[in-house]
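# Close look at the chain arrangement
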Amino acid sequence: MSKILRLSVLGAGTVGGGVLTLLRENADLLQAQTGKRFEVRHVLVRDLQKPRAAVPDPKRLTADPQRAICDPRVDVVLELMGGLEPARTLIRDALQAGKHVITANKLVMAVSGDELIRLAHRQGVRLLYEASVAGSLPILNALQGSLAGNRITRVVGIVNSTTNFILREMERAVESDEPAETAYDAALHKAQENGYAEADPSSDVEGYDAQYKTAILARLAFLQYVPLESIYREGITHLSGRDLLWAKRLNMGLKLLSISERLPDGRLCARVHPTLIPRECPLYVVRGAFSGVWLQGNGFQEMSLHGFGAGARATASAVIGDLIEIARHPKPLKIEDPSLRTGETAPIESLTMRYFLRLVAPDEDALRALREPLQLLGAEFQPSEPLAQGVEQVALTPPLNEGEFQTRIARLRTEATVQVIRLL
Ligand SMILES: NC(=O)c1ccc[n+]([C@@H]2O[C@H](COP(=O)([O-])OP(=O)(O)OC[C@H]3O[C@@H](n4cnc5c(N)ncnc54)[C@H](OP(=O)(O)O)[C@@H]3O)[C@@H](O)[C@H]2O)c1
């Protein structure tokens, strides 16, 4: 590779704009770190007329993907467009053309990462994707680098900062005595107004985004291919301000967590769902539009990272880190990526956990009938409370098997509203 590294940047939106800005602002630093100058040859966009302050030279803009991919002088293609297609096909084309690729695209890496990693290996080029999980946090590089000599036993993360922002807003609303019933809608609206949530927020609030990131994170942590469909997913749309209120009363935090762990029988279990965590958990302090990852391994014991999980500059920081890595080490290792090995996964029903239950029934008699089967399971109840409509009672269970517990709860749900939240 020459002293100049030539780049095609696909996308000049939030992340692409951030990358172009940091490339310009830190040009001297990047040269000092790598001995190379970075030259942007093409910037691919849809709309050539849109004003773009971050693009250094408007002549570099193109709406023709082939121009950006096939230019023989380009060394590295940075895919910062998002979505499955045409991003996946362009990554494939770039690898086939012998270019190194950097992507921030968790959807492509979760759905087709295995195929693309194999292709990059065959082509003798590098495919890096640090920005696809938890924005600026260098978690994927840590797992493949400094922590690679550990057997990882558990990875717990707040990997979707939009939902973390919404949950924090709901918490704030109940702390200020705003109505608990409307807390979710009000918080989502605020997230959309602040640019944290999209007009169609389903990928974030239904847990899909966190599921994609979990597939990537778990694969690298446990060196095992993790099919997306093996990851249990539950979003935050069913949560109420009352759940946040109870979390506070019980001295806990309520977060949408990504949890992957190696079970004693060797199977891997990965899941995404709202989770109550104790104050002592390092992720308790990860609030608002932040991300955090807490890891356990047999050498380092435990470690947590916490920082901006999204945004132009924070995400660009991870993309540029990958660029520096390619400038320094353009040749991939000759061994096949160990994270592509197949291994057994376990469904969430195999786990044993504690649960928070919030029962809402029309009256005390109806509540009593609900309590009895739960008392047999060892659940401990808080005093009941009248609501505007009906009566509410909260309970915490001892550790129970998920599969058996959910079967019992399904029966109770025919008689009353039963909110169930898992404990870490
Ligand atoms: N935003 C974040 O904080 C963040 C954090 C971590 C990872 N990511 C990931 O980074 C990627 C980019 O996200 P973003 O927020 O920067 O998206 P964005 O603001 O919507 O920008 C997308 C850019 O790609 C261009 N583009 C999209 N489809 C195209 C097509 N078919 N042909 C040509 N150009 C196309 C758009 O062109 P126009 O400008 O002409 O529309 C735009 O410049 C996604 O994979 C996302 O998941 C984002």
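A quick note: this is a predicted structure, and the numbers were derived from the prediction, not measured. (Residues numbered from 1 in each chain as written. Predicted model: local features only at pLDDT ≥ 70, side-chain atom pairs only at ≥ 80, totals over all residues. Heavy atoms only, no water.)

## Notes on the layout of surface pockets
In this model, the largest pocket occupies a volume close to 1500 Å³. Forming the walls of the largest pocket are 50 residues, and the residues nearest its centre are Thr14, Val15, Met81, Lys106 and Glu198. Residue-level mapping places the lining of the largest pocket at the junction of two domains, with at least three residues from each of domain 1 (4-135 + 314-340) and domain 2 (141-306). Its volume calculated, the second largest pocket comes out at about 1000 Å³. Taken together, 35 residues form the lining of the second largest pocket, with Gln144, Leu220, Leu223, Asp337 and Pro338 sitting closest to its centre. At the level of elements, α5 (106-123), β6 (127-128), α6 (139-144), β7 (152-158), α10 (208-222) and α12 (312-328) are the ones that each hand at least two residues to the lining of the second largest pocket. Three or more residues apiece are contributed to the lining of the second largest pocket by two domains, here domain 1 (4-135 + 314-340) and domain 2 (141-306). (1 Å grid on protein atoms, 1.4 Å probe; cavity = no way out; pocket = protein on both sides within 12 Å on 5 of 7 lines; lining within 4 Å. Points joined across faces, edges and corners; volume = space filled by probe spheres on them. Domains from an automatic or database assignment. Helix = DSSP H or I, 4+ residues; strand = E, 2+ residues; numbered from the N terminus.)

## Comments concerning the environment of threonine 397
Along the chain, threonine 397 falls in the loop between β17 (391-396) and β18 (400-401). For threonine 397, a relative accessible area of 1% corresponds to the buried category. When the C-alpha atoms of threonine 397 and glycine 378 are compared, they prove to be 6.2 Å apart, with 19 residues separating the residues in sequence. In this structure threonine 397 touches Met353, Arg354, Tyr355, Leu357, Ala379 and Phe405, once residues within four positions along its chain are discounted. (Buried < 20%, exposed > 50% of the residue type's maximum accessible area, 1.4 Å probe, protein only. Contact = heavy atoms within 4.5 Å.)

## Here we look at the packing of aromatic side chains
Taken as a whole, this structure holds 3 aromatic pairs when the rule is applied. Ring geometry for phenylalanine 165 versus tyrosine 196: centroids 4.5 Å apart, planes at 45°, classification tilted. Of the two residues, phenylalanine 165 is situated in helix α7 (residues 161-175) and tyrosine 196 in the loop between α8 (183-193) and α9 (202-205); the sequence distance between them amounts to 31 residues. Between phenylalanine 290 and phenylalanine 308, the aromatic rings sit 4.7 Å apart at their centres with planes inclined by 25°, giving stacked as the arrangement. Highlighted residues: phenylalanine 290 in strand β11 (residues 290-297) and phenylalanine 308 in strand β12 (residues 301-308), separated in sequence by 18 residues. The residue whose ring lies beneath arginine 233 is tyrosine 208, and the NZ or CZ to ring-centre distance is 3.8 Å. Geometry around tryptophan 246 places arginine 249 over its ring, the cationic atom sitting 4.5 Å from the centre. (Phe/Tyr/Trp six-rings, centres within 6.5 Å; stacked < 30°, edge-to-face > 60°. Lys NZ or Arg CZ within 6 Å of the ring centre and 35° of its normal.)

## Examining the side chain of glutamate 402
Tracing the chain through its elements places glutamate 402 in helix α14 (residues 402-412). At 2.6 Å, the side chain of glutamate 402 and the side chain of tyrosine 355 are in polar contact. Ignoring sequence-local partners within four residues, the contact set of glutamate 402 consists of Ile348, Glu349, Leu351, Met353, Tyr355 and Arg422. (Polar contact = N/O pair within 3.5 Å; in protein donor to acceptor, adjacent residues only side chain to side chain.)

## Description of the domain arrangement of the chain
When cut into domains, the chain gives domain 1 (4-135 + 314-340), domain 2 (141-306) and domain 3 (351-423). For domain 1 versus domain 3, the separation of C-alpha centres amounts to 50 Å.

## Some points on the site of the ligand
In the vicinity of the ligand, 22 residues are found, and the nearest of them are Val15, Asp47, Arg52, Lys106 and Gly311. Within the contact set of the ligand, an oxygen atom lies 2.9 Å away from a backbone nitrogen or oxygen of threonine 14. Arginine 46 is positioned with one of its backbone polar atoms (N or O) 2.9 Å from an oxygen atom of the ligand. In isolation the ligand has 900 Å² of accessible area, and contact with the protein removes 78% of it. When each cavity is represented as a set of grid points, the ligand is found to reside in the largest pocket. (Near = heavy atom within 4 Å. Areas by Shrake-Rupley, 256 points an atom, 1.4 Å probe, with all protein chains shown as cover. Sits in = over half its atoms within 2 Å of the grid points.)

## Digging into α10
In this model, α10 (15 residues) spans 21 Å end to end at C-alpha, consistent with the 21 Å of a helix rising 1.5 Å per residue. Here α10 lies mainly inside the structure; 14 of its 15 residues are buried. One or two steps after α10, the chain reaches leucine 223, where phi turns positive at roughly 50°. (Expected span 1.5 Å × (residues − 1).)

## What to know about the nonpolar core
Formed by 83 residues in total, the largest nonpolar core has its most connected members in Leu127, Ile139, Ile166, Met170, Leu295 and Phe356. The greatest single-element share of this core, amounting to 9 residues, is contributed by α10. Excluding residues that lie within four positions of it along the chain, isoleucine 166 makes contacts with Tyr184, Ala187, Leu188, Ala191, Val205 and Ile236. (Core = buried A, V, L, I, M, F, W, Y, C linked by side-chain atoms within 4.5 Å.)

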